[in-house]
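Given next are the chains, with one letter for each unit.
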2 protein chains.
Amino acid sequence: MRKEILRRNTRQREIILEELRKVKSHPAANEVFRIVRRRIPNISFSTVYRNLNLLRDDGYVLELTCGKYSCRYDGTVSNHYHFYCLKCKRVFDIEGPVLKDMDKGVSKKTNFKVIYHRMDFYGYCKGCK
Amino acid sequence: MRKEILRRNTRQREIILEELRKVKSHPAANEVFRIVRRRIPNISFSTVYRNLNLLRDDGYVLELTCGKYSCRYDGTVSNHYHFYCLKCKRVFDIEGPVLKDMDKGVSKKTNFKVIYHRMDFYGYCKGCK
DNA sequence: TTAATTGCAAAACTTTTGCAACGCT
DNA sequence: AGCGTTGCAAAAGTTTTGCAATTAA
């Protein structure tokens, strides 16, 4: 990916990316902070935020937006979908094929460049329905 | 849609919904505030926020999450997808068939009750790519 | 050396909440 | 009357920024 400004390799950024790639969830910035602090106890919140923005700009992580507050970050390329229970508010992973064709279809239809998509199902889980 | 608590009709909520249905863009809460204030000059910010939440709970508007700050609101509830430009942050409606079959597929696979889904495409719009 | 990066604190910004007054029903 | 709603101000939560000190290249 294109870098607009020279980047220096720092332990902080390295470890943030490393941890983000390890985890299967999509942690919010404050959760990334909590995770990374286990390895760099005195890392600051702003360092985490700044590096998440740099990693996003450089294409190393995806920035997902899913709440009123808080972005979530995805260190993996492989996509999967989510199911949100309207009652108990839990979030479940949905296994199964990701519709990559949709991206091409939307690209053709709109003449936009589609990078990825997300799909969220809403309803009631086994215990709540 | 189901209302959990009795709602009273107020001029503020009425006008917020009215304006939201007029506009083709997907305004953030502060933009809704700006628009509505033209008709109710002394309306407060918190009234706008509270009513956007109520209208969302009652199914009258869609709450789109698309930035670090700020949700955006859509006065058209009928099913359609959205495209988010990663650069200019604008939101576009995607016309075209909604994949109702997916709901059934996920229902079968998970044994959850799927009510609806949303699909969000991310990338760069015509002017930004 | 030099300029990107860090940690800290404060600022900026969005959204929620507590409360007395107001106004639907 | 009863209680949902409003407007105001303050609080809460997330993200950014200013700055001196570090540190990678």
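Anything mentioned here points back to the structure above.
Residues numbered from 1 in each chain as written. Chains lettered and ligands numbered in written order. Predicted model: local features only at pLDDT ≥ 70, side-chain atom pairs only at ≥ 80, totals over all residues. Heavy atoms only, no water.

Peer 1: I'm lost on the relation of the copies chain A and chain B in this one. Help?
Peer 2: Mapping one chain copy onto the other needs a rotation about an axis and a shift along that axis. With an RMSD of 2.2 Å, the operation that places chain A on chain B is a rotation of 175° combined with a shift of 0.1 Å along the axis. The symmetry that links the two subunits is that of a two-fold axis. Mapped onto chain B, 98% of the interface residues of chain A again fall at the interface, so both copies present the same surface. (Least-squares fit on C-alpha atoms with pLDDT ≥ 70 in both. Contact = heavy atoms within 4.5 Å.)

Peer 1: Sorry if this is basic, but what is going on with the protein's contact with DNA strand C here?
Peer 2: Around DNA strand C lies a shell of 26 residues, among which R8 and T47 of chain A together with R8, Y49 and C71 of chain B are the nearest. Counting only atoms of DNA strand C within 4 Å of the protein, the fraction found in sugar and phosphate groups is 60%. Contacts to DNA strand C include R50 of chain B, whose side-chain N or O atom sits 3.3 Å from a base oxygen. Those elements that provide at least two residues to the surface near DNA strand C are α1 (11-22) and α3 (45-57) of chain A together with α2 (29-37) and α3 (45-57) of chain B. Tallied by class, the residues present in the surface near DNA strand C amount to 7 nonpolar, 12 polar and 7 charged. (Near = heavy atom within 4 Å. Polar contact = N/O pair within 3.5 Å; in protein donor to acceptor, adjacent residues only side chain to side chain. Helix = DSSP H or I, 4+ residues; strand = E, 2+ residues; numbered from the N terminus. Nonpolar A, V, L, I, M, F, W, Y, C, P; charged D, E, K, R; others polar.)

Peer 1: I keep staring at the nonpolar core and nothing clicks. Help me out?
Peer 2: What tends to happen in soluble globular proteins is that the nonpolar side chains get buried as a cluster. Among the nonpolar cores identified, the biggest contains 22 residues, and F83 and F121 of chain A together with F83 and F121 of chain B are the most heavily contacted of them. For this core, the secondary-structure elements that each account for two or more residues are β3 (81-85) and β5 (113-124) of chain A together with β3 (81-85) and β5 (113-124) of chain B. (Core = buried A, V, L, I, M, F, W, Y, C linked by side-chain atoms within 4.5 Å. Buried < 20%, exposed > 50% of the residue type's maximum accessible area, 1.4 Å probe, protein only.)

Peer 1: Would you mind going over the interface of chain A and chain B with me for this structure?
Peer 2: Interface size is often expressed as the accessible area that is lost when the parts come together. Counting residues at the interface gives 41 residues for chain A, matched by 41 residues for chain B. Roughly 3,500 Å² of surface becomes buried between chain A and chain B when both sides are summed, with 64% attributable to carbon and sulfur atoms. Together, K68, F112 and Y122 of chain A form the three largest contributors to the area buried by chain A at its contact with chain B, with a combined 20%. At the junction of chain A with chain B, the criterion picks out 0 salt bridges. Between the two partners, chain A and chain B, sit 9 residue pairs in polar contact (both at pLDDT 80 or more). Those elements that place two or more of their residues in the side of chain A that touches chain B are α3, β1 (62-65), β2 (71-74), β3, β4 (91-94), α4 (100-110) and β5 of chain A. Among the elements that take part in the side of chain A that touches chain B, β5 of chain A stands out by supplying 12 residues, more than any other. Across the side of chain A that touches chain B, the residue classes break down as 21 nonpolar, 9 polar and 11 charged. In the sheet, β5 of chain A pairs with β5 of chain B via 11 bridges, with the strands oriented antiparallel. Bridging across to β5 of chain B, H117 of chain A finds its partner in F121 of chain B. (Buried area = accessible area lost by both parts, 1.4 Å probe. Salt bridge = Lys/Arg side-chain N within 4 Å of Asp/Glu carboxyl O. Pairing = 2+ DSSP bridges.)

Peer 1: Can you walk me through the sheet that holds β5 of chain A in this structure?
Peer 2: Strand pairs in the sheet, formed through backbone hydrogen bonds, run parallel or antiparallel to each other. As summarised here, the arrangement of the 6 strands in space is β4(A)-β3(A)-β5(A)-β5(B)-β3(B)-β4(B), forming an open sheet in which the pairing is mixed. The sheet is open, and its two edges are formed by β4 of chain A together with β4 (91-94) of chain B, each paired on a single side. Across this sheet, the average inter-strand angle for adjacent strands is 30°, counted without regard to direction. α4 of chain A contacts β5 of chain A together with β3, β4 and β5 of chain B of the sheet and is inclined by roughly 120° relative to β5 of chain A. Along the sheet face, helix α4 (residues 100-110) of chain B touches β3, β4 and β5 of chain A together with β5 of chain B and points at about 120° away from the line of β5 of chain B. (Axes fitted to C-alpha atoms, helices over the stretch in contact; angles between N-to-C directions.)

Peer 1: Quick question: what am I supposed to make of the packing of helix α2 (residues 29-36) of chain A against α3 of chain A here?
Peer 2: The angle between the axes and the distance between the axes are what describe a pair of packed helices. Residues and elements named next belong to chain A. Across the interface, α2 lies against α3 with an axial gap of 10 Å and an inter-helix angle of 115°. Taken as a pair, α2 and α3 cross one another with a handedness that is right-handed. Between α2 and α3, the residues in contact are A29, N30, V32 and F33 and F45, V48, Y49 and L52, respectively. (Left-handed = near helix turned anticlockwise from the far one by under 90°.)

Peer 1: Just checking my understanding: could you explain the pairing of β3 of chain A for this structure?
Peer 2: Within a regular strand, side chains alternate between the sheet's two faces. Residue and element names in this part refer to chain A. Counting buried positions along β3 gives 5 out of 5 residues, so the element sits mostly inside the fold. Of the two faces of β3, the one lined by Y81, F83 and C85 and the one lined by H82 and Y84 are each fully buried. For β3 and β4, the ladder comprises 4 bridges, and the chain directions are antiparallel. Residue pairing for β4: Y84 is matched across the bridge by V91. One ladder, built from 4 bridges, connects β3 with β5; its direction is parallel. Bridge pairing links F83 to F121 in β5.

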